[in-house]
Amino acid sequence: MKIFHPLKNPASWRRISIAVWNAPNDPTVYGKLEIDATAALAHLEKLNRGGSATGDSPVKITMTHLAARAIALTLHKFPDINGIIKWKKIYLRKTVDIFLQVAIEEGNEGERPDLSGAKIDACENKSVVQIARELKDKSGQIRRKEDPQFKATIRLLNLVPTFLLSWVIRFLTFLNYNLGVNLTGLGVPRDPFGSVMITSVGSLGMPPGYAPLVPISRVPIIVCVGQVAEKPWVAAGAVVVRPILELKFTFDHRFIDGLTGSRMAKYFRELLENPSDNLL
């Protein structure tokens, strides 16, 4: 007995869609998390007044820095997520390294705005202030085009013709991740994107969107941090107005299933909603 039978007279759109798309094979999952930022804002104010346990901070601490520290602690607690996939196997990183995207304004006439980023190593062992300070130093060098790694990478890319760029990038990614070849001399750092990528559109006055996983990054999670905005919120059975931080996550389902994802989200929320106890 046949289990399936053909659909008769399918609609034109169904015929076209079947013709132009293959079967789904993308493991990407998307999720949104809203967090009451009341305590986080108070903690930020304290840090920016110089009330940090690590001493006065010469940089402005933002919600992105808090989120980066919380994500680092979350991956430290769930270390099986902190890895890459190569040769159909999972390989774990030893530290939680976070790549924070950096916007580069146009400099000279004829230049266009660009996007780069700075990787902060071992964020699970660094305070929020240390993360902010290191990001400021690295992003400043990148924006001034003084960062040696950034300059080497741009120089390499400028040498490659456009029609070969896709092939060269994928080949270098294969050498870097799959074979472990040291390519720093060519301007390709080891594990350049780290454990997690964070993009902060809240600083640009935009609502968060779902950012795509970058295939060459081998990063299982990318986080888009939005603005803090006042919204109705249910607390103790009553509707109140609270400052709410919205974050959107894109992650690789090969690493994170629903059970692990829910546990990570719960722990991440606890960190940001009680930052004075957890995010020093």
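Residues numbered from 1 in each chain as written. Predicted model: local features only at pLDDT ≥ 70, side-chain atom pairs only at ≥ 80, totals over all residues. Heavy atoms only, no water.

## Comments concerning the overall build of the protein
Note the following rule: Strands are runs of DSSP state E lasting at least two residues, helices are runs of H or I lasting at least four, and both sets are numbered from the N terminus onward. A 1.4 Å probe rolled over the protein chains alone gives each residue an accessible area, and that area as a share of the maximum for its type sets the label: buried under 20%, exposed over 50%, partly exposed in between. Contact between two residues is taken to exist if any of their heavy atoms lie within 4.5 Å; hydrogens are not considered. All accessible areas in this document rest on Shrake-Rupley with a 1.4 Å probe, and a residue is counted as covered only by the protein chains that are shown.
In terms of regular secondary structure, the protein is built from eight helices and eight strands. Across the 280 residues of the protein, 41% fall into the buried class. Long-range pairs, those at least 24 residues apart, make up 64% of the contacts in the protein between residues at least 6 apart in sequence. A total of about 16,900 Å² of accessible surface is found on the protein, and carbon and sulfur atoms cover 57% of it.

## Quick notes on the environment of Gly-194
Checked against the element boundaries, Gly-194 lands in the loop between helix 6 (162-178) and strand 6 (196-200). The buried category is assigned to Gly-194, whose relative accessible area is 0%. It is 8.7 Å that separates the C-alpha atoms of Gly-194 and Arg-93, two residues lying 101 residues apart in sequence. Leaving out residues up to four positions away in the same chain, Gly-194 has contacts with Arg-93, Asp-97, Lys-119 and Val-219.

## Quick notes on the packing of helix 3 (residues 63-77) against helix 4 (residues 128-143)
Worth spelling out the cut-off: Axis definition: a line fit to C-alpha positions, over the contact stretch in the case of helices; interaxial angles, taken between N-to-C directions, run 0 to 180 degrees. Here is the rule for handedness: rotate from the far helix to the near one, and if that takes an anticlockwise turn smaller than a right angle the crossing is left-handed, while a clockwise turn gives right-handed. When residues are grouped by polarity, Ala, Val, Leu, Ile, Met, Phe, Trp, Tyr, Cys and Pro land in nonpolar, Asp, Glu, Lys and Arg in charged, and all others, Gly among them, in polar.
For the pair helix 3 and helix 4, the least separation of the axes is 9 Å and the interaxial angle reads 115°. The handedness of the crossing between helix 3 and helix 4 is right-handed. Together, His-65, Leu-66 and Arg-69 of helix 3 and Val-128, Ile-131, Ala-132 and Leu-135 of helix 4 make up the contact between the two elements. Residue composition of the contact of helix 3 with helix 4, by class: five nonpolar, one polar and one charged.

## Here's the deal with unusual backbone geometry
Located in the positive-phi region is Trp-87, a residue other than glycine, with phi close to 55°. Position of Trp-87 relative to the elements: it lies in the loop between strand 2 (83-86) and strand 3 (89-92). Non-glycine residue Ala-236 carries a positive phi angle of around 55°. Mapping Ala-236 onto the fold places it in the loop between strand 7 (221-235) and strand 8 (238-252).

## Side note on the nonpolar core
This is how it is decided: What is meant by a nonpolar core is a set of buried Ala, Val, Leu, Ile, Met, Phe, Trp, Tyr and Cys residues, joined one to another through side-chain atoms within 4.5 Å.
One finds Leu-66, Ile-98, Ile-198, Ile-221, Val-223, Leu-247 and Phe-268 to be the most contacted residues of the largest nonpolar core, which totals 49 residues. At nine residues, the largest contribution of residues to this core is made by helix 3. The residues contacting Ile-221, other than those within four sequence positions of it, are Leu-75, Ile-81, Ser-195, Val-196, Met-197, Leu-213, Phe-249, Thr-250, Phe-251, Ile-256 and Met-264. Residues Ile-84, Phe-99, Phe-193 and Val-219 belong to the second largest nonpolar core, which totals eight residues.

## So, the confidence of the model for the protein
Note the cut-off: As a per-residue measure, pLDDT reflects the predictor's confidence and takes values from 0 up to 100.
The predicted model of the protein has a mean per-residue pLDDT of 84, with 89% of residues at 70 or higher. Model confidence for the protein, summarised as mean pLDDT per element, is weakest for helix 1 (residues 12-20) at 72 and strongest for helix 3 at 95.

## Things to note about the environment of Cys-123
By the secondary structure assignment, Cys-123 is in the loop between strand 5 (114-120) and helix 4. Spatially, the C-alpha atoms of Cys-123 and Asp-97 are 5.9 Å apart, while their sequence positions differ by 26 residues. Residue contacts for Cys-123: discarding those within four places in its chain leaves Arg-69, Ala-72, Val-96, Ile-98 and Ile-131.

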